[in-house]
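Each chain, written out:
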Amino acid sequence: MGDGLVQFVTICGRLQRETRQNRGRSGRRLTVAKNLTREIETTRTGILEAYPSKEVCPHEELLEGFAFPSGFSSLPLSSCPPHRRSRHCATLTNEEGTKLYLAVVVSYHIVGDGSRKYEEDALAEPVALVLGSTKPLFSYLSHLAVTITDACLLGNPAVLPLERAVQWAVHSIPLPLTKDSTVSTCFNKQREWFRGNASTSLPPMDVNPGILLYSLGIDSLLALMCCFMSETKILFVSSSLSAIAPAIEAFVCLMYPFRWPHLYVPLLPHTMADVIAAPVPYILGVHKE
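Residue indices begin from 1 for each chain and proceed along its sequence in written order. The predicted nature of this model means local features are confined to residues of pLDDT at least 70 and side-chain atom pairs, given and counted, to a pLDDT of 80 or more, with totals for whole chains, interfaces and linings taken over all residues. Excluded from the side-chain calculations are hydrogens and water; all other atoms, namely the structure's heavy atoms, are used.

*Asks:* When you look at the pairing of strand 6 (residues 123-133) in this model, what are you seeing that I'm missing?
*Replies:* Each regular strand shows side chains that alternate between the opposite faces of the sheet. In terms of burial, strand 6 is a largely internal element, 10 of the 11 residues being buried. Pairing between two strands requires that DSSP report at least two bridges joining them. Working definition: helices are DSSP H or I runs of at least four residues, strands are E runs of at least two. Numbering for both runs from the N terminus. The pairing of strand 3 (residues 75-76) with strand 6 spans two bridges and is antiparallel. Residue P76 lies in a different strand from strand 6, and its bridge partner there is L123. Direction of pairing for strand 5 (residues 99-110) relative to strand 6: antiparallel, over a ladder of 10 bridges. Opposite V105, over in strand 6, you have L129 as the bridge partner. Burial status follows relative accessibility: with a 1.4 Å probe on protein chains alone, a residue under 20% of its type maximum counts as buried, one over 50% as exposed, and anything between as partly exposed.

Below, the structure written as structure tokens:
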């Protein structure tokens, strides 16, 4: 791991498509042959690029799931999110309890050479840019990820190559030296800056805890605090993929100086849904869909 704000950058997406033959039996009311043969297309996804290297990226086998927590699927171009991108955050925790914070921006790119971008049935497939950091600065990390995505993935890569943006993110953004110092960097002719913690004795909180009160209410929040203190299973469900992980992280920060020693996954990928049935205390967050 490096000494700066961003420790690694990965690009996740489709590796290749595979087509296989599937044979099945027809129903009683079908008049076609008993054995139906059809082609089923499957998609293999994974890490396309990693910087500094895949060996430096911890939890490599898990990054793909957190990059696409609801699964990898192409969308009609007309159904893509605004600006053809969406973002969310996630947190990984190793056996020692050390957390790694992820800021993910998923951008949608037209399948093929782009000549069908004006057709109604044109499809766009997702590509995820993942920034990893040991600091829970979700807002700033997400801003960086959006800046790189707009400039390099959705913009013109010939004007600003992705490699240059990745090197800038990993090597040119230091951590604040003191609690009140401000870091300022320049990228793509835009000035970027962020400030250190107001107090070094408290855990950093980069999100507004008011979202908890607004979404849950004071009574539900107090009930959650009681569950936290009694080490009970806590499952957050949200329709906002971008807000769930920062909100849960804000809740955990509000419980300081108490720490949660058990399973902690603020954004649970759909491929790990079986974890919900685990017979241990946990704090989990899942997308409503």
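*Asks:* Would you mind going over the pattern of salt bridges with me for this structure?
*Replies:* If charged atoms from side chains of opposite charge come close, those side chains can pair. In what follows, salt bridge is the name for a side-chain nitrogen of Lys or Arg lying within 4 Å of a carboxyl oxygen of Asp or Glu. Counting across every chain of the model gives three salt bridges. For the salt bridge of R14 with E125, the shortest nitrogen-to-oxygen distance reads 3.0 Å. Of this pair, R14 sits in strand 1 (residues 8-25) while E125 sits in strand 6, and the two are 111 residues apart along the sequence. You can call R14 partly exposed: its relative accessible area is 27%. Across the salt bridge formed by R85 and D150, the nearest N and O atoms sit 2.8 Å from each other. Of this pair, R85 sits in strand 4 (residues 85-93) while D150 sits in helix 2 (residues 138-153); the two residues are 65 residues apart in sequence, bridging distant segments of the chain.

*Asks:* Just checking my understanding: could you explain the sheet that holds strand 10 (residues 263-265) for this structure?
*Replies:* The strands making up a sheet associate through hydrogen bonds between their backbones, and the pairing can be parallel or antiparallel. As summarised here, the arrangement of the three strands in space is 9-11-10, forming an open sheet in which the pairing is parallel. Among the strands making up the open sheet, the edge pair consists of strand 9 (234-238) and strand 10. On average, each strand axis in the sheet is inclined to that of its neighbour by 20°, with strand direction left out of account. Note on definitions: a residue-residue contact is assigned when non-hydrogen atoms from the two residues lie within 4.5 Å. Between the N-to-C directions of two axes lies an angle of 0 to 180 degrees, each axis being a line fitted to C-alpha atoms and, for a helix, fitted only over the stretch in contact. Sheet strands touched by helix 6 (residues 244-254): strand 9, strand 10 and strand 11 (282-287). Its angle to strand 11, the strand with the most contacts, is close to 155°.

*Asks:* What is the right way to read the pairing of strand 11 from this model?
*Replies:* With six of six residues buried, strand 11 lies mostly within the body of the structure. Burial of the side chains of strand 11 extends over both faces: Y282, L284 and V286 are buried on one face and I283, G285 and H287 on the other. In this structure, strand 9 lies alongside strand 11, joined through five bridges in parallel fashion. Along strand 11, the bridge assignment pairs S238 with H287. Of the strand pairs in this sheet, strand 10 and strand 11 are connected by three bridges, and their pairing is parallel. The partner of L263 across the bridge, within strand 11, is Y282.

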